[in-house]
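Structural characterization, general
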Amino acid sequence: MATTDRRVGFLPPEVFTGPGRVTRAVVDLDAIAENAAHFRRLIGPGTELMAVVKANGYGHGATRVARAALEHGASHLAVATVDEGRALRAAGIDAPVLVLGPIGDAEISEALRSDLALAVADPLFARAVAMTAARLPLNSPASLHLKLDTGMRRFGATADGAVALARAIVAAPGLTLSGVFTHFAAADDPDSDLTDRQDALLDTVLDDLDRAGIPAGLVHAANSAAVLRDRRFDRGLVRVGIALYGLAPAAEGVPPGVRPAMSLVSRVARVVDLHADDGVGYGHTYRAGAAERAALVPIGYADGYRRGLSNRAAMGIGGFPAPVRGRVSMDQTVVGLPTGHPVEVGDPVVVVGPPETGAPGWDDLARTMDTIGYELVSGIAPRVPRVYLRRGHVVATDGLFGTEASSGC
Ligand SMILES: Cc1ncc(COP(=O)(O)O)c(C=O)c1O
């Protein structure tokens, strides 16, 4: 029997005792809802909120995140790939979905059949979309958002080519120019003037389009960092990703009222007594200096608990940090147990969670790994079941075999 349930009061006990694999990602849909509502209030009535749910909703589960966000103020969704958009449609979501792209020509017809808006950066692609649209029995014109490269030097049309591209779109039967957008490269850096320069270049292109008599549709640029920084960048729509999940796009963190939605938990699989000089794990990269107790936790790098955390991170057991001992392996990790606290097989482990659990948060782990929270949450593997909470109770569990239990959410 677990001795330490009282220490993980931020989660209902059923999170640990429910059926299925003990290592699970717990996603509080109320946090997603409250975060969406926060940004909805922040941006004011003249601006639409687009929830960015690419990469399976940054690892949280795209469909359930999308529904929670749409119920609490988001009107649009963004994904990175056509398949991600199709998955939302297959789940019955009919809100406008933009594929941020780029995509291959072979994906265009599926995208149009699924009523996905596409990002377009060159006239050849626009022509390919027009030709595909002409062949399909579509109910409405194919929706395109002109993507402008204002300084990221990734995907996008140059400012010089934007008017010609927009002309090609509006001239083609079967296409509609629904929006013009760009993406900021350094909105998380308040010392950089790049965001202002990108924003100014977007204005120049919008003036050019205006002079050419081409309506731009929805104009959008701001990501989480820009939204958290300044109302100046909001325009017609903002694309909020990481902050919707309650994680920080920048060192400044997230404002009060925005909280992380996902924690990662497991249970102790074995308690082992280490003797002085015992090595732990592959390569014995940790050696016990003296007798010590350790616990085995069934999580590894194939779950997204990265090998770079070997000997560097800690997990929360009984409210105390239990440091990772030795290498994180594919499926298992050993942690040292805090002295003086009884720990038994089956006790809850908080791998990532709030500070009172003794576990690091996502942003803490990211700093340890010299990476960003984005990479860690989006890297949580499909084999880790997602357990969803509403009003403090488990409402659904999604695993490798789909939804294994649900009370409707
Ligand atoms: C084009 C585009 N817009 C918006 C976003 C959302 O960014 P963030 O998660 O920083 O809010 C991304 C994320 O990478 C993106 O690629």
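The model shown is predicted, which means the values in this text are computed figures rather than measured ones. (Residues numbered from 1 in each chain as written. Predicted model: local features only at pLDDT ≥ 70, side-chain atom pairs only at ≥ 80, totals over all residues.)

Assignment of secondary structure puts glutamate 110 in helix H6 (residues 108-113). Between the alpha carbons of glutamate 110 and valine 82 there is a distance of 7.5 Å; along the sequence they are 28 residues apart. (Helix = DSSP H or I, 4+ residues; strand = E, 2+ residues; numbered from the N terminus.)

Domain assignment breaks the chain into domain 1 (5-21 + 261-406) and domain 2 (29-244). The straight-line distance from the C-alpha centre of domain 1 to that of domain 2 is 36 Å. Only helix H12 (373-378) and strand S19 (386-390) provide two or more residues apiece to the side of domain 1 that touches domain 2. Each residue belonging to the side of domain 1 that touches domain 2 can be placed in one class, and the counts come to seven nonpolar, three polar and four charged. (Domains from an automatic or database assignment. Nonpolar A, V, L, I, M, F, W, Y, C, P; charged D, E, K, R; others polar.)

Turning our eyes to something else, we now look at the pairing of strand S16 (residues 320-325). For strand S15 (residues 314-317) and S16, the ladder comprises four bridges, and the chain directions are antiparallel. Residue pairing across strands places isoleucine 317 opposite phenylalanine 320, the latter belonging to S16. From the end of S15 to the start of S16, which pair antiparallel, there are two residues, and glycine 318 there has a positive phi angle of about 60 degrees. Two elements, S16 and strand S17 (residues 333-336), share two bridges in a ladder whose sense is antiparallel. Counted as the bridge partner of arginine 325 is valine 334 from S17. (Pairing = 2+ DSSP bridges.)

This paragraph deals with the site of the ligand. The local shell around the ligand consists of Val52, Leu100, His183, Asn223, Ser224, Ala225, Arg239, Val240, Gly241, Ile242, Ala243 and Pro249. Of all the secondary-structure elements, those providing two or more residues to the shell around the ligand are helix H10 (224-229) and strand S9 (237-240). Grouping the constituent residues of the shell around the ligand by class yields seven nonpolar, four polar and one charged. (Near = placed C-beta within 6 Å.)

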